[in-house]
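Fold and contact review
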Amino acid sequence: MADLPLTEVDPEIAECIRDEEKRQHEKLRLIPSENYATRAVMEACGSVLNNKYSEGYAGKRYYEGQQNIDKVEQLAIERLKKLYGVDHANVQPYSGSPANLGVYFAFCKPGDTIMGMGLPSGGHLTHGWKVSISGKYFNAIQYGVRREDHRIDFDEVAKLAREHKPKLLFCGATAYPRVVDFPKFAEIAREVGSILVADIAHISGLVAGGSHPSPVGHAEVISSTTHKTLRGPRGGMILCNDEHKKAIDRAVFPGLQGGPHNGTTAGIAIAAKLAMADDFKAYAHAIVDNSRTLADTLVSRGFDLVTGGSDNHLILIDLTNKDVPGKVAAQALDRAGMVANYNSVPFDTRKPFDPSGIRLGTPAITSRGMGADEMKRLGNWMADVVEDTENEGLITRIAGEIKDLCDQFPAPGVRL
Ligand code: DSN
């Protein structure tokens, strides 16, 4: 069995993968944290690197046979250092949540005070939300956005920081459609003696490509996933200056994890190399341009966007004025070939599992090469569906039009 292809060994799983390839080809994938990893990244993830254990760091491993793994990890580290202009990179966190746990473990003890953006305002679970270990093991203080414009409330951030003096101040979000003002956060962190952590999971590709300001020089520690706008494998990374290198490395291994996933490490190295190429800059800027065009189209069709628009890769729509719950809208959009996720909006009066909004973004459709014309068509299709969620005739027609569009823009890394 060991040398037989998947289709023979396990036809059921082979069929699931084929169906997923078809789905990823024929739908417009709008979940802002998703993308298409390049074919080279996928090859590395599915390679023999999967077979090797390598606890430790290059030159200091607990297993023999690291001749190739050490090279892979060093390439990933050196490329990320160059790409982001930092002293050090740890590429071993299994994903974004373990990366953030690594940061906590490097600097905090249980019960210490930390501060981050609340989940209902667009922050991540691991920034101190009460159901997450970050909210249970630490004294987590949460800041939010202003009620009037849904922008980060820096008066509140400064007031809470002065009052609680958190050891770590997290900035960065999962559902915030605007630029994160890193210098402002850094000023507050400096004043109260906190370490500023920038979680750039959503925007690491935009930062690399120059379409979002960089936190380097402002945040002492930067955490991220590697598979969102950066377009690498499912993984995580922590970037820092030399001062924190030892603490971060120790926290990730042996503090938190065992052996790194070496195929992923190779994928990160490839993604970092590709992110240094000129066409990546064009891609990163196109993501933002597309998001703005899509936001404008949606506004012209009467949608109420959180903060009124977008200047990154992400759009958050409050559907209250359309009288359609987020879940109903997201399900109708999926049937029509547009895959977004239902999402709470700031000060939502509905429950998180049945919220008022939908969240969408342009990374994956930009990776397919789509531009302004496609964004305008998309915005109008979305409006038609959300305004008539039970019209299955309309939904079927739009699903067909979307499939035709998708046929003209092959998805990278997806082989049908
Ligand atoms: N919260 C996930 C997202 O933004 O989709 C990432 O962890």
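What counts as what
- Residues numbered from 1 in each chain as written.
- Predicted model: local features only at pLDDT ≥ 70, side-chain atom pairs only at ≥ 80, totals over all residues.
- Heavy atoms only, no water.
- Helix = DSSP H or I, 4+ residues; strand = E, 2+ residues; numbered from the N terminus.
- Rg over C-alpha atoms; globule rule 2.2 N^0.38 Å.
- Contact = heavy atoms within 4.5 Å.
- Areas by Shrake-Rupley, 256 points an atom, 1.4 Å probe, with all protein chains shown as cover.
- Lys, Arg positive; Asp, Glu negative; His and termini not counted.
- Charge placed at Lys NZ, Arg CZ, Asp CG, Glu CD.
- Core = buried A, V, L, I, M, F, W, Y, C linked by side-chain atoms within 4.5 Å.
- Buried < 20%, exposed > 50% of the residue type's maximum accessible area, 1.4 Å probe, protein only.
- Salt bridge = Lys/Arg side-chain N within 4 Å of Asp/Glu carboxyl O.
- Phe/Tyr/Trp six-rings, centres within 6.5 Å; stacked < 30°, edge-to-face > 60°.
- Pairing = 2+ DSSP bridges.
- Axes fitted to C-alpha atoms, helices over the stretch in contact; angles between N-to-C directions.

Along its length, the protein carries 16 helices and 15 strands. Relative to the compact-globule value of 22 Å for 416 residues, the protein shows a C-alpha radius of gyration of 22 Å, a close match. For the protein, the C-alpha atoms occupy an extent of roughly 60 × 60 × 35 Å along the three principal directions. For the protein, contacts bridging at least 24 residues in sequence account for 71% of all contacts bridging at least 6. Carbon and sulfur atoms form 51% of the exposed surface of the protein, whose accessible area is close to 18200 Å². Between the centroid of the 48 positive side chains of the protein and the centroid of its 53 negative side chains there is a distance of 4 Å.

Our focus in this paragraph is the nonpolar core. Core analysis: the largest hydrophobic core is formed by 50 residues, its most contacted members being Leu80, Tyr84, Tyr143 and Phe185. Counting residues per element, this core draws most heavily on helix 8 (residues 182-192), at six residues.

Right, let's get into the pattern of salt bridges. Under the counting rule described, the total for this entry stands at 20 salt bridges. Between glutamate 34 and arginine 29 there is a salt bridge; the shortest N-O distance is 3.2 Å. Given the relative accessible area of 28%, glutamate 34 is considered partly exposed. The shortest N-O distance in the salt bridge between glutamate 43 and arginine 39 comes to 3.7 Å. Here arginine 39 and glutamate 43 lie together in helix 3 (residues 39-45), a separation of four residues that amounts to about one turn. In this structure glutamate 43 comes out as exposed when scored by relative accessible area, which is 52%. Overall, arginine 39 belongs to the partly exposed group, its relative accessible area being 47%. A cluster of three or more residues bridged by salt bridges with shared partners is formed by Arg301, Lys322, Asp384 and Glu387.

If you walk through the whole model with that rule in mind, you get nine aromatic pairs. Their ring planes at 20° and their centres at 4.9 Å tell us that tyrosine 104 and phenylalanine 138 sit as a pair that is stacked. Of this pair, tyrosine 104 sits in helix 5 (residues 96-107) while phenylalanine 138 is found in the loop between helix 6 (133-136) and strand 6 (139-143), placing the two residues 34 residues apart along the sequence. Since its relative accessible area comes to 1%, tyrosine 104 is described here as buried. Three or more aromatic residues link up through ring pairs in this structure, and these residues are Tyr57, Tyr62 and Phe253.

Read across the open sheet, the seven strands follow the order 4-10-9-8-7-5-6; overall the sheet is mixed. Each having just a single partner strand, strand 4 (88-90) and strand 6 make up the two edges of the open sheet. Taken over all neighbouring pairs, the strand axes of this sheet differ in orientation by 20° on average, direction set aside. As judged from the four bridges shared by strand 7 (residues 168-171) and strand 8 (residues 195-199), these two strands associate in the parallel manner. Residue pairing in the sheet places leucine 168 in a bridge with isoleucine 195 of strand 8.

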